[in-house]
Amino acid sequence: MTLDDLFVTIQSRKTADPASSWTAQLLAKGPEKCAEKFGEEAVEAIIEAVKDDKAGLTSEAADVLYHLLVMLASRDVALSDVLDELSRRQAKSGLAEKAAR
């Protein structure tokens, strides 16, 4: 599965019956709840990284990526826009990009 595939699935759940899937339930609760869940999963990934638990970090990283995409979908931000931004940043050094902020 690619991130694009996952994002398409998440997008399709925006209009689904919340009783039909976890993604539809989460999206029905609104962008604030989606952001909260993303934050929770990010913290869990940090904990696994600090513990040096590769299996745990792998699992939590999958949760982080999924919840990031749900959060983006909840605010109508296209994954392609995020990828375009990463491409734009790749054109210059990370140090120069950071200094320009």
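Residue numbers here run from 1 along each chain, matching the order of that chain's written sequence. For this predicted model, a pLDDT threshold of at least 70 governs which residues receive local features, and a threshold of 80 or more governs which side-chain atom pairs are given and counted, while totals over whole chains, interfaces and linings are taken from all residues. Water and hydrogen atoms were dropped before computing side-chain values, which therefore reflect all heavy atoms in the structure.

Concerning the overall build of the protein chain
Inference 1: A run of H or I in DSSP counts as a helix once it spans at least four residues, and a run of E counts as a strand once it spans at least two, with each numbered from the N terminus. A count of helical and extended segments in the protein chain gives six helices and zero strands.
Inference 2: For the protein chain, the spread of C-alpha atoms along the three principal axes comes to 45 × 35 × 25 Å.
Inference 3: Put simply, the protein chain has 101 residues, and 26% of those count as buried.
Inference 4: Here a residue-residue contact requires only that any non-hydrogen atoms of the pair lie within 4.5 Å. Within the protein chain, counting contacts between residues at least 6 apart in sequence, those at least 24 apart form 55% of the total.
Inference 5: For the protein chain, the computed accessible surface area is about 6,700 Å², with 59% contributed by carbon and sulfur atoms.
Inference 6: In this count, Lys and Arg are taken as positive residues and Asp and Glu as negative ones, while His and the chain termini are left out. Charged side chains are reduced to one point each, which is NZ for Lys, CZ for Arg, CG for Asp and CD for Glu. Distance between charge centres in the protein chain, computed from 13 positive and 18 negative side chains, equals 5 Å. Accessible area is worked out with a 1.4 Å probe on protein chains only. A residue is then buried under 20% of its type maximum, exposed over 50%, and partly exposed in between. A 1.4 Å probe and the Shrake-Rupley method give the accessible areas. Residues count as covered only by the protein chains that appear here.

A few points about the packing of helix H1 (residues 3-13) against helix H4 (residues 54-74)
Inference 1: Here, axes are lines fitted to C-alpha atoms. For helices the fit covers the stretch in contact, and angles between N-to-C directions go from 0 to 180 degrees. Close contact between H1 and H4 brings their axes to 10 Å; oriented N to C, the two are set at 50°. The orientation of H1 with respect to H4, classified from their angle, is oblique. Crossing of H1 over H4 shows right-handed handedness. Contacts between H1 and H4 involve Leu3, Leu6, Phe7, Ile10 and Gln11 from the former and Leu65, Tyr66, Leu69, Val70, Leu72 and Ala73 from the latter. By the definition adopted for this analysis, an angle is roughly parallel if under 35 degrees, roughly antiparallel if over 145, roughly perpendicular if from 65 to 115, and oblique otherwise. Handedness of a helix crossing follows the sense of rotation of the near helix relative to the far helix, less than a right angle counterclockwise being left-handed and clockwise being right-handed.

Considering a nonpolar patch on the surface
Inference 1: The patch calculation keeps residues exceeding 30% relative accessible area without a salt bridge and links them within 9 Å when they carry like charges or within 5 Å when they are nonpolar (Val, Leu, Ile, Met, Phe, Trp, Tyr). Note on definitions: salt bridges are taken to be side-chain nitrogens of Lys or Arg within 4 Å of carboxyl oxygens of Asp or Glu. Among the surface-exposed residues, Val77, Val82, Leu83 and Leu86 lie close enough to one another that they form a single nonpolar patch of about 280 Å² accessible area.
Inference 2: Within the secondary structure layout, leucine 86 lies in helix H5 (residues 79-90).

Some words on the pattern of salt bridges
Inference 1: Counting across every chain of the model gives eight salt bridges.
Inference 2: The shortest N-O distance in the salt bridge between glutamate 40 and lysine 37 comes to 3.2 Å. Remark: lysine 37 and glutamate 40 occur in helix H3 (residues 31-51); sequence separation between them is three residues, near one turn of the helix.
Inference 3: Classification of glutamate 40 by relative accessible area gives partly exposed; the value is 31%.
Inference 4: Judged by relative accessible area, which is 15%, lysine 37 ranks as buried.

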